[in-house]
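Read off the chains here:
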Amino acid sequence: MQHSSKYIEAAVEQMASLPGIGRKTALRLVLSLVKRDESKVQRFANSFIDLKQHIHFCHTCYNLSDQELCSICTDEGRDAAVICVVEDIRDVMAIESTQQYKGRYHELGGRISPMDGIGPSELKLDALKERVLSDEGITELILALSATMEGDTTNFYISRILEGRGIKLSTIARGVGVGTELEYADEITLGRSILDRTPFEVSLGRS
Ligand SMILES: [Zn+2]
């Protein structure tokens, strides 16, 4: 796609570098920016710079946060004994929206997927083990990874690294169909699936 302006071309190239944005969509978005007031475009651009400068991973659970520790980890009202293990912040948002879960989280940053070159060391699995073995007082992990082969592989890996540590492992009840990403599950189904979680051993036999 050739454009009359190198500035449009550059902006389209940047926009199209985002996931799910093709060049046609990128061009439409860029042209809508051209039509906006400069101050509005400035605010738009600044919001992304701010994002990069101020967002951190929580030191404990790896949730995205404006502070060193996220608001969930610092909330004394939440149950520190129960940790829900998820892939990323989208899962935390989905589960939080159900208002059924009052424990804390651990974000792995993905799931084990040899096909995509993602092994255990690419994920926050060692950090999870460290948390469990620390004096945080964790007694239960709820494995809330996607119902996919990669999710199951990751669950199995976690069960192996924590074997014999006396930690209760459960998986969310799978009202959510196989291959369905957590973030797309409706709130009621997802909320119930956390309350109706099943011991990990049992769910292994069913999948
Ligand atoms: Zn946190």
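All values reported here derive from a predicted model rather than from experimental measurement. (Residues numbered from 1 in each chain as written. Predicted model: local features only at pLDDT ≥ 70, side-chain atom pairs only at ≥ 80, totals over all residues. Heavy atoms only, no water.)

On to the sheet that holds strand E3 (residues 79–86), then. Sheet architecture is open: five strands sit in the order E4-E3-E5-E6-E7, paired in mixed fashion. Because the sheet does not close on itself, it has two edges, and the strands there are strand E4 (103–107) and strand E7 (198–199). Two elements, E3 and E4, share five bridges in a ladder whose sense is parallel. When the sheet's bridge partners are listed, Ile83 is paired in E4 with Arg104. (Pairing = 2+ DSSP bridges. Helix = DSSP H or I, 4+ residues; strand = E, 2+ residues; numbered from the N terminus.)

Taken together, the protein ligands of the zinc ion are Cys58 (SG), Cys61 (SG), Cys70 (SG) and Cys73 (SG), with distances of 2.3 Å. For the zinc ion, the four donor atoms in the first shell make angles of 102 to 118 degrees at the metal, a pattern classed as tetrahedral. Read N to C, the donor residues that coordinate the zinc ion are spaced as C-x2-C-x8-C-x2-C. Note that Cys58 is positioned in the loop between strand E1 (56–57) and strand E2 (64–65) and Cys70 in the loop between E2 and E3, a separation of twelve residues in sequence. Grouping residues by exposure puts Cys58 and Cys70 together as buried. (Donors = N, O, S within 2.8 Å, 3.2 Å for Na, K, Ca; no water. Tetrahedral: all angles 85-135°; square planar, octahedral: opposite > 155°, others 65-115°. Buried < 20%, exposed > 50% of the residue type's maximum accessible area, 1.4 Å probe, protein only.)

The phi dihedral of Tyr62 falls on the positive side, at around 70 degrees, and the residue is not glycine. Phi at Gln99 is positive, roughly 55 degrees, even though this residue is not glycine. Tracing the sequence through the fold places Gln99 in the loop between helix H4 (89–98) and E4.

Time to look at the environment of Arg197. Relative to the elements of secondary structure, Arg197 occurs in the loop between helix H7 (187–195) and E7. Residue Arg197 is classed as partly exposed on the basis of its relative accessible area of 29%. Between the C-alpha atoms of Arg197 and Ile172, which are 25 residues apart in sequence, the distance is 4.4 Å.

Quick look at the packing of aromatic side chains now. Applying the stated criterion across every chain yields a total of two aromatic pairs. A ring pair is formed by Tyr101 and Tyr105, whose centres lie 5.2 Å apart and whose planes are at 65 degrees; its orientation type is edge-to-face. A single burial state applies to Tyr101 and to Tyr105, both of which are buried. (Phe/Tyr/Trp six-rings, centres within 6.5 Å; stacked < 30°, edge-to-face > 60°.)

A word on H4. Along H4, the residues classified as buried are Asp91, Val92, Ala94, Ile95 and Thr98. Buried residues along H4 cover an arc of 165 degrees about the axis, so they all sit on one side. Positioned one or two residues after H4, Gln99 has a phi angle of 55 degrees, which is positive. (Arc of directions from axis to C-beta.)

Taken as a whole, the largest pocket encloses approximately 360 Å³ of empty space. Every residue along the wall of the largest pocket is listed here: Ala11, Gln14, Met15, Ser17, Leu18, Val30, Leu33, Val41, Phe44, Ala45, Phe48 and Ile49. Looking at the lining of the largest pocket, the elements with two or more residues in it are helix H1 (6–15), helix H2 (23–35) and helix H3 (38–54). The dominant element in the lining of the largest pocket, judged by the number of residues it contributes, is H3, at five residues. Looking at the lining of the largest pocket residue by residue, the classes come out as ten nonpolar, two polar and no charged. (1 Å grid on protein atoms, 1.4 Å probe; cavity = no way out; pocket = protein on both sides within 12 Å on 5 of 7 lines; lining within 4 Å. Points joined across faces, edges and corners; volume = space filled by probe spheres on them. Nonpolar A, V, L, I, M, F, W, Y, C, P; charged D, E, K, R; others polar.)

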